[in-house]
Amino acid sequence: MKTVQWLLLLLLTAVFLACVAACGSSSSSSQAADDDTTADDDTTADDDDDLSPSDDDDDQSPDDDDDDDDDYFWPAMTSGTMADLLGVWGSSPSDVYAVGNDLATGTIVHYDGSAWTTVSSGSSDTFAAVWGSAATDVYVVGEDTDSGLGLIEHYDGSKWASTSAKGPLFGVWGDSTADIFAVGTDLNPLSGVIVHYNGSTWSAMTNAASALTAVWGSASSDVFALGADASGTGAIFHYDGSTWSASGTSPAILCGVWGDSATDVFAVGYVSPGGGVILRYDGSAWSALASGDSVWFRGVWGLSATDAYAVGVTYDAADKPSAAILHYDGSAWSPMATQAPVGLNGVWGSSDSDVFAVGGAGTILHYSGS
């Protein structure tokens, strides 16, 4: 079975034992399609090479004379850590956070526009995601490894403070400083956790039926949370400002969500056995955009509906992992060349010439558009 270190934190829940099994499968055969949420034959690449970022070693070289290849190169940055990085977010090009864990120890690193340095939050617990409304309002979520509860760390620009919730927590997103959602998993019994911050306190919302991995919204009355159950069946839930309800299901384990508007939302994940799945919501229904047999997607982010990135991992014939990054231009997803020998978990940027992707073993890749 393939080792997937970049999902280490997610192994804490039963649902992500299924995730590892999915990533560990050496089969690239497609699972039966679900018309609403799974890529069918018309949207699945016939040739694994079409979606693999490691098709040609020459294409991945930063010294390649081909200008087109240079445009798609993501050089690695010095992160100062060997921890598996799971999430990334910033308030500006000179204020970026990446979070993750090294076994049972949480890691936060910060980029000031010139270098990455380690940040101490006062906690040594595991971290899974980061989001903020400003440089002085940053949230990191994860798990208190002693209690098993969800952990929420908040930075106000000068100090970090901790809050506990059901957990562990895997995703966080907010509409404002007083309207924030965090999602995760209750292990006993296995079910989703959704907690909400109203500006003064965190409170539990109605739990979803499936373990949850990610959350994003266009507004406080338009929020999506997604994940999978213990069998690996993916599920998407929607909040309309008063009630959470089912929005879609998929054979894919769903790991990342991001949108440009209420009528343009992307979700990514992977099927076992099979490969990557990218879904799109048009305001009324979810449908498949693309599926890469050789790519397992973990994160998605974009600048607009015609400029988005999906990241994950792909394996060669010898089961060696490498970073996978696909870019969407509004009509098709295309692979972007990288050299990182690890999977990627998260992606965020401030512009089309300033995008960060993070992954295993402290990997941080930076795309500058040239």
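A.B. asks: Residues and numbers for the pattern of salt bridges, please.
C.D. replies: A full pass over the atoms with the stated rule returns three salt bridges. As a salt-bridge pair, Lys166 and Asp186 come within 3.5 Å of each other at their nearest N and O atoms. In this pair, Lys166 is assigned in the loop between strand E8 (160–165) and strand E9 (169–176) and Asp186 in strand E10 (residues 179–187), connecting sequence segments 20 residues apart. The exposure class of Lys166 is partly exposed, given its relative accessible area of 46%. Note that Arg280 and Asp264 form a salt bridge whose closest N and O atoms lie 2.6 Å from each other. Here Asp264 lies in strand E18 (residues 264–270) and Arg280 lies in strand E19 (residues 276–281), a separation of 16 residues in the sequence. For Arg280, a relative accessible area of 19% puts it in the buried group.

A.B. asks: A description of the layout of surface pockets should follow, citing residues and the corresponding values.
C.D. replies: Here the idea is plain: a probe the size of a water molecule rolls over the atoms and shows the empty space left. Taken as a whole, the largest pocket holds about 560 Å³ of empty space. Forming the boundary of the largest pocket are 28 residues, of which Val88, Val130, Val172, Val257 and Val300 lie nearest the centre. Among the elements of the structure, strand E1 (84–92), strand E5 (126–134), E9, strand E13 (211–219), strand E17 (253–261), strand E21 (295–304) and strand E25 (344–351) are those that each provide at least two residues to the lining of the largest pocket. Tallied by class, residues from the lining of the largest pocket come to 20 nonpolar, seven polar and one charged.

A.B. asks: So, the side chain of Asp144: which residues are in play, and what are the values?
C.D. replies: Along the chain, Asp144 turns up in the loop between strand E6 (137–143) and strand E7 (150–155). Comment: no salt bridge for buried Asp144; closest opposite-charge side chain is Lys166, at 16 Å. Within polar-contact distance, the side chain of Asp144 engages the backbone nitrogen of Asp146 at 2.9 Å. Contacts of Asp144, omitting those with residues within four sequence positions, involve Asp125, Leu149 and Leu151.

A.B. asks: Which residues make up unusual backbone geometry, and what values go with them?
C.D. replies: For Asp319, which is not a glycine, the phi torsion comes out positive at approximately 65 degrees. The residue Asp319 is located in the loop between strand E22 (307–315) and strand E23 (321–328) in this model. Asp319 gets classed as partly exposed once you look at its relative accessible area, which sits at 37%. Residues other than glycine seldom take positive phi values, yet Ala361 does so here, at roughly 55 degrees. Position of Ala361 among the secondary structure elements: in the loop between strand E26 (354–359) and strand E27 (364–367).

A.B. asks: Any chance you could break down the pairing of E8 for me, citing the residues and the numbers?
C.D. replies: Strand direction decides the pairing type here: E7 and E8, joined by six bridges, are antiparallel. Within the sheet, the bridge partner assigned to Gly150 lies in E8 and is Ala165. Taking the residues between adjacent antiparallel strands as the criterion, E7 and E8 are bridged by four residues, where Gly157 takes a positive phi near 105 degrees.

A.B. asks: Pulling in residues and values, what's your account of the nonpolar core?
C.D. replies: Most often, soluble globular proteins keep nonpolar side chains buried together rather than apart. Trp74, Trp244, Tyr309 and Ile325 are the most contacted members of the largest nonpolar core, which totals 94 residues. The leading source of residues in this core is E23, at five residues.

A.B. asks: Got a sec to walk through the sheet that holds E22? Specific residues and values, please.
C.D. replies: Taken together, four strands build an open sheet; the order of strands is E21-E22-E23-E24 and the sheet is antiparallel. Edge positions in the open sheet fall to E21 and strand E24 (333–336), since each of these has one partner strand only. Strand after strand, the sheet turns through a mean of 25 degrees between neighbouring axes, direction not considered. The pairing of E23 with E24 spans four bridges and is classified as antiparallel. The residue of E24 that forms the bridge with Leu326 is Pro335.

A.B. asks: Tell me about the pairing of strand E4 (residues 116–119), and please be specific about residues and values.
C.D. replies: As defined by bridge partners, strand E3 (residues 105–111) adjoins E4 across four bridges and the pair is classed as antiparallel. Pairing of Tyr111 across the sheet is with Trp116, part of E4. Turn length for the E3-E4 hairpin, with the two strands adjacent in sequence and antiparallel, is four residues, and the turn residue Gly113 shows positive phi of about 100 degrees.

A.B. asks: Provide a residue-level description of the packing of aromatic side chains, including the pertinent values.
C.D. replies: Overall, the coordinates contain 28 aromatic pairs when judged by the stated rule. Aromatic pair Trp258 and Phe266: ring centres 6.1 Å apart, planes at 15 degrees, arrangement stacked. When sorted by exposure, Trp258 lands in the same class as Phe266, which is buried. In this structure an aromatic cluster arises from ring pairing among Trp74, Tyr111, Trp116, Trp301, Tyr309, Trp348, Phe356 and Tyr367.

A.B. asks: Got a sec to walk through the environment of Ala310? Specific residues and values, please.
C.D. replies: In this fold, Ala310 is placed in strand E22. Note on Ala310: relative accessible area 0%, which makes it buried. It is 8.5 Å that separates the C-alpha atoms of Ala310 and Gly346, two residues lying 36 residues apart in sequence. Ignoring anything within four residues of it in the chain, the contact list for Ala310 reads Val268, Ile278, Phe297, Gly299, Val300, Ala324, Ile325, Leu326 and Trp333.

Each value, and the rule that gives it
Numbering of residues begins from 1 in every chain and follows the order in which that chain's sequence is written. The predicted nature of this model means local features are confined to residues of pLDDT at least 70 and side-chain atom pairs, given and counted, to a pLDDT of 80 or more, with totals for whole chains, interfaces and linings taken over all residues. Just so you know, side-chain values use all the structure's heavy atoms and leave hydrogens and water out. Salt bridges are defined as contacts in which a side-chain nitrogen from Lys or Arg sits within 4 Å of a carboxyl oxygen from Asp or Glu. A run of H or I in DSSP becomes a helix once it reaches four residues, and a run of E becomes a strand once it reaches two; helices and strands are each numbered from the N terminus. Burial here depends on accessible area, computed with a 1.4 Å probe over protein chains only, as a share of the maximum for the residue type. Under 20% is buried, over 50% is exposed, and the range in between is partly exposed. Residues are called lining when one of their atoms sits within 4 Å of a cavity or pocket point, these points coming from a 1 Å grid over the protein atoms alone, where a cavity is a set in which a 1.4 Å probe fits but cannot get out and a pocket is an open set with protein on both sides within 12 Å along at least five of seven lines. Grid points are joined across faces, edges and corners, and a volume is the space filled by probe spheres set on the points. For this classification, Asp, Glu, Lys and Arg are treated as charged, while Ala, Val, Leu, Ile, Met, Phe, Trp, Tyr, Cys and Pro are nonpolar and the rest, including Gly, are polar. Positive charge is attributed to Lys and Arg, negative charge to Asp and Glu, and no charge count is given to His or to the chain ends. Here a polar contact means two N or O atoms within 3.5 Å. Within protein one must be a hydrogen donor candidate and the other an acceptor candidate, and residues neighboring in sequence count only if both atoms are side-chain atoms. The contact definition used throughout considers only heavy atoms, calling two residues in contact when any of these lie within 4.5 Å. DSSP calls a pair of strands paired once it identifies at least 2 bridges connecting them. By nonpolar core is meant a set of buried Ala, Val, Leu, Ile, Met, Phe, Trp, Tyr and Cys residues that side-chain atoms within 4.5 Å join together. To get an axis, a line is fitted to the C-alpha atoms, and for a helix only the part in contact is used. The angle between two axes follows their N-to-C directions and goes from 0 to 180 degrees. Any two rings among Phe, Tyr and Trp, with Trp reduced to its six-membered ring, count as a pair given centres within 6.5 Å; such a pair is stacked if its planes are under 30 degrees apart, edge-to-face if over 60, and tilted if neither.

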